[in-house]
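Take a look at the letters that make up each chain.
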Amino acid sequence: MDSAATSQSAAGANAKDATLIYRQSRWTRLTHWLWAISLFFMLLSGLQIFNARPQLYIGKQSGFGFNNTILEIGAENTNNGPRGFTAIFGHRFDTTGVLGWSGPPGQETPRAFPSWATIPSYYDLGTARVVHFFFAWILTTTLLVWLIAGLVNGHIRRDLAPRLDDLKRLPRDVIDHAKLKFHHTREYNTLQKMAYGGVLFVLLPLMIITGLAMSPSMDSVLPWLNEVLGGRQTARSIHFTVMVLLVLFFIVHILMILAAGPINELRSIITGWYRTDPPAKHAEPTERSA
Ligand code: HEM
């Protein structure tokens, strides 16, 4: 290789490296993986706890004589043998094989969530509660660490706080996402800010608050909590709904990461380094840069 070619490729490499920026602080990365792991164990142990009473209610009473059930998963005998069902607000769906009645062929049993979706896979409420509460405290501590670090190092103000400009960008961001057109910039786009902010400031705190409201030991410490949330049964229904929303967020989160370039995205949330789009060659004033 002659010297001109060498210097040309070196210049090319430098230009390429110039697009590599340090985007995620160690606190963001550490807390991200701690809550991802905690939520994984909390989801599977939570489904095991739910299996002990696979109904959800709204209001302060439950049981015989009241019809305040909003969700029920169960099994029933039919002319075609036992079937699993899920009833949501009175609408019944046959969910045999997954919800209500599941297991290996010939060894099916009545259980709300199947054994592959619970921790432990067999019925053991005691172990599930120990796992659930252990990771609940890890999640709560992690969220507090994230909040303090994010306030101190400016991550929350710089990357997540909504600005007027975000509102103007929203239609453009929606169109870009629909077309799977992603811009790799230092800043989060409006939809990312909404999704991450929604998870960190709404869903996770609500999950923790409704979890605390369900705990009988909290009655003496925060007696008003149960009252504010409409009773223990309503708190349980909100807790379950937040779980469903977090699972939906997770699915979309993973799809977006795959679509935006998984290597670059994963590198940023593991090492902090992120490759941004190279600056446009013939930078013309655009609506955004103007
Ligand atoms: C329950 C699981 C998860 C939750 C609740 C979650 C939530 C979040 C949140 C709130 C952020 C923004 C963090 C901040 O700016 O402070 C984020 C960023 C990120 N997450 Fe997750 N995450 C989860 C799992 C995962 C998994 C499994 C992966 C990888 C396969 C992943 C990859 C990423 C990446 C790459 C970013 C940075 C996105 C960017 O910089 O554009 N996440 N996640």
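Keep in mind that what you see is a predicted model, and the values were worked out from it rather than measured.

1. Section: the site of the ligand
Not every one of the 18 residues close to the ligand is listed here, only the nearest: Ala36, Leu39, Tyr196, Glu265 and Ile269. For the shell around the ligand, the elements supplying multiple residues, two or more each, are α2 (26–51), α6 (190–214), α9 (232–260) and α10 (262–270). It is α2 that provides the largest number of residues to the shell around the ligand, a total of five residues. Classifying every residue of the shell around the ligand by side-chain character gives eleven nonpolar, five polar and two charged.

2. Digging into the pairing of strand β3 (residues 69–78)
Each regular strand shows side chains that alternate between the opposite faces of the sheet. In this sheet, β3 lies alongside strand β2 (residues 55–57) in antiparallel orientation, the contact comprising three bridges. Opposite Gln55, over in β3, you have Glu72 as the bridge partner. Judged from the eight bridges that link them, β3 and strand β4 (residues 81–88) form a sheet pairing that is antiparallel. In the sheet register, Thr78 faces β4, and the bridge partner there is Gly81. Taken together, β3 and the strand that follows it, β4, pair antiparallel across an intervening segment of two residues.

3. Observations concerning the packing of helix α5 (residues 164–178) against α6
Close contact between α5 and α6 brings their axes to 7 Å; oriented N to C, the two are set at 100°. Comparing the axis directions of α5 and α6 gives the class roughly perpendicular. Only Thr190, Leu191 and Lys193 of α6 make contact with α5, whose side of the interface consists of Asp166, Arg169, Leu170, Asp173, Val174 and His177.

4. What about the sheet that holds β3?
Strands sit in the order β2-β3-β4-β5 across an open sheet of four strands; the sheet is antiparallel. Each of the sheet's edge strands pairs with one partner strand only, and the pair in question is β2 and β5 (91–94). Across this sheet, the average inter-strand angle for adjacent strands is 25°, counted without regard to direction. Across the sheet, α9 touches β2 and β3, and the angle it forms with β2 is around 120°.

5. Some thoughts on the pairing of β4
Note that β4 and β5 share four bridges and pair antiparallel. Bridging across to β5, Ile88 finds its partner in His91. Hairpin remark: β4 followed by β5, antiparallel, with two residues in the connecting loop; positive phi at Phe89, about 50°.

6. What to know about the environment of Glu227
The topology assignment puts Glu227 in helix α8 (residues 223–228). Expressed as a C-alpha distance, the spacing of Glu227 and Lys60, which sit 167 residues apart in the sequence, is 9.3 Å.

7. Description of the nonpolar core
Of all hydrophobic cores here, the largest spans 17 residues; its most connected members are Met42, Phe135, Leu139 and Leu143. In terms of residue count, helix α3 (residues 125–152) provides more of this core than any other element does, seven residues in total. Once residues lying within four places of it in the same chain are set aside, the contact partners of Phe135 are Ser38, Phe41 and Met42. In terms of nonpolar packing, the next biggest core, distinct from the first, is built from six residues, Leu44, Leu47, Leu99 and Ala112 among them.

8. What about the confidence of the model for the protein?
For the protein, the mean per-residue pLDDT works out to 90, and 88% of the residues sit at or above 70. Taken together, the stretch residues 1–13 has pLDDT below 50 and engages in one contact with residues farther than four places along the chain or on a different chain. Predicted confidence for residues 283–290 stays below pLDDT 50, and this span has one contact to residues more than four positions away or in other chains.

The rules behind the values
- Residues numbered from 1 in each chain as written.
- Predicted model: local features only at pLDDT ≥ 70, side-chain atom pairs only at ≥ 80, totals over all residues.
- Near = placed C-beta within 6 Å.
- Helix = DSSP H or I, 4+ residues; strand = E, 2+ residues; numbered from the N terminus.
- Nonpolar A, V, L, I, M, F, W, Y, C, P; charged D, E, K, R; others polar.
- Pairing = 2+ DSSP bridges.
- Axes fitted to C-alpha atoms, helices over the stretch in contact; angles between N-to-C directions.
- Parallel < 35°, antiparallel > 145°, perpendicular 65-115°, else oblique.
- Contact = placed C-beta atoms within 7 Å.
- Core = buried A, V, L, I, M, F, W, Y, C linked by C-beta atoms within 7 Å.
- Buried ≥ 20, exposed ≤ 12 C-beta atoms within 10 Å, placed from the backbone.
- pLDDT = per-residue confidence, 0-100.

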